[in-house]
Amino acid sequence: MHNDIEKVLLSEKEIQEICCNLGSRITDDYKDKSLILIGLLKGCNPFLSDLSKRINLPLEIYYMKASSYKGRESSGNVKIDLDIDIDIKDKDVLLVEDIVDTGSTLTKVISLLKMRKASSIKVVSLLDKPEGRLVPFEADYVGKTIPKVFVVGYGLDFNERYRNLPYIGILKKAIYI
Ligand code: IMP
């Protein structure tokens, strides 16, 4: 599996440093609030697990699933495959995402959650690819901004594979051409 990676973009150590930094900022920002983390499956999984351990607050964790990607391309047409089954009215929601690319997924999820009258809805994303945007979108907390390259590992997949890599890397072109 490691042979399929051209270059490591974020090492395990760098990822843990990012989780520590984001966790302490989120702890400060939400200390008087009732925080609900909503992870966007499946990519959020390792990030949500590591980040939540660095947030020193009593919080709740739920999951949603939205899809638009096939292989390396986003269709731009976002579908909600799994929804939360709790009332978020008057709660402070923090969506946990692996990467923001076109911005379509989070725009769709946020517009759905806004209708449910949460007190606030914010986004933490481990990675951000601003050059990929098709709709204007800015995450509230970003671990690292990266160029428009296709990355895998630490939850991120190519055709469902590589999610179990402990770091984030750029996939060799030979794997998808
Ligand atoms: P967006 O709707 O284009 O912002 O896409 C967000 C979703 O696309 C992420 O949650 C990922 O599942 C997927 N995605 C975007 N870029 C990559 C990438 O470089 N590698 C793997 N998945 C990606």
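About the cut-offs
- Residues numbered from 1 in each chain as written.
- Predicted model: local features only at pLDDT ≥ 70, side-chain atom pairs only at ≥ 80, totals over all residues.
- Heavy atoms only, no water.
- Buried < 20%, exposed > 50% of the residue type's maximum accessible area, 1.4 Å probe, protein only.
- Helix = DSSP H or I, 4+ residues; strand = E, 2+ residues; numbered from the N terminus.
- Pairing = 2+ DSSP bridges.
- Right-handed = clockwise from strand over helix to strand, strands pointing away.
- Core = buried A, V, L, I, M, F, W, Y, C linked by side-chain atoms within 4.5 Å.
- Contact = heavy atoms within 4.5 Å.
- Salt bridge = Lys/Arg side-chain N within 4 Å of Asp/Glu carboxyl O.

Asker: Outline the pairing of strand 6 (residues 120-128), listing residues and values.
Answerer: Across the nine residues of strand 6, eight count as buried, placing the element largely inside the fold. In this sheet, strand 6 lies alongside strand 5 (residues 92-100) in parallel orientation, the contact comprising eight bridges. Following the sheet pairing, Leu 94 is matched in strand 6 by Lys 122. Assessed by its sense of winding, the connection that carries the chain from strand 5 through helix 3 (residues 104-114) to strand 6 is right-handed. By the bridge criterion, four bridges tie strand 6 to strand 7 (residues 141-145) in an arrangement that is parallel. Looking across to strand 7, one finds that Asp 128 is bridged to Thr 145.

Asker: How would you summarise the nonpolar core if you had to cite specific residues and measurements?
Answerer: Counting residues in each nonpolar core, the largest one holds 28 residues, and the members touching the most others are Ile 26, Phe 47, Val 124, Leu 127, Val 151 and Ile 168. For this core, the secondary-structure elements that each account for two or more residues are strand 1 (5-10), helix 1 (12-29), strand 2 (35-41), helix 2 (45-53), strand 5, strand 6 and strand 9 (168-171). It is helix 1 that contributes the most residues to this core, five residues altogether. If we skip the residues at most four places from it in the chain, Val 151 touches Leu 9, Ile 99, Leu 127, Ile 146, Leu 156, Ile 168, Gly 169 and Ile 170.

Asker: Could you give an account of the pattern of salt bridges, with specific residues and numbers?
Answerer: One pass over the full model with this rule turns up eleven salt bridges. With a closest N to O distance of 2.9 Å, Lys 42 and Glu 160 form a salt bridge. Here Lys 42, found in the loop between strand 2 and helix 2, pairs with Glu 160, found in the loop between strand 8 (151-152) and strand 9; they are 118 residues apart in sequence, far enough to count as distant. For Lys 42, a relative accessible area of 40% puts it in the partly exposed group. Exposure remark for Glu 160: the relative accessible area of 46% places this residue in the partly exposed category. For Lys 79, the salt bridge goes to Asp 81, with nearest N and O atoms at 2.8 Å.

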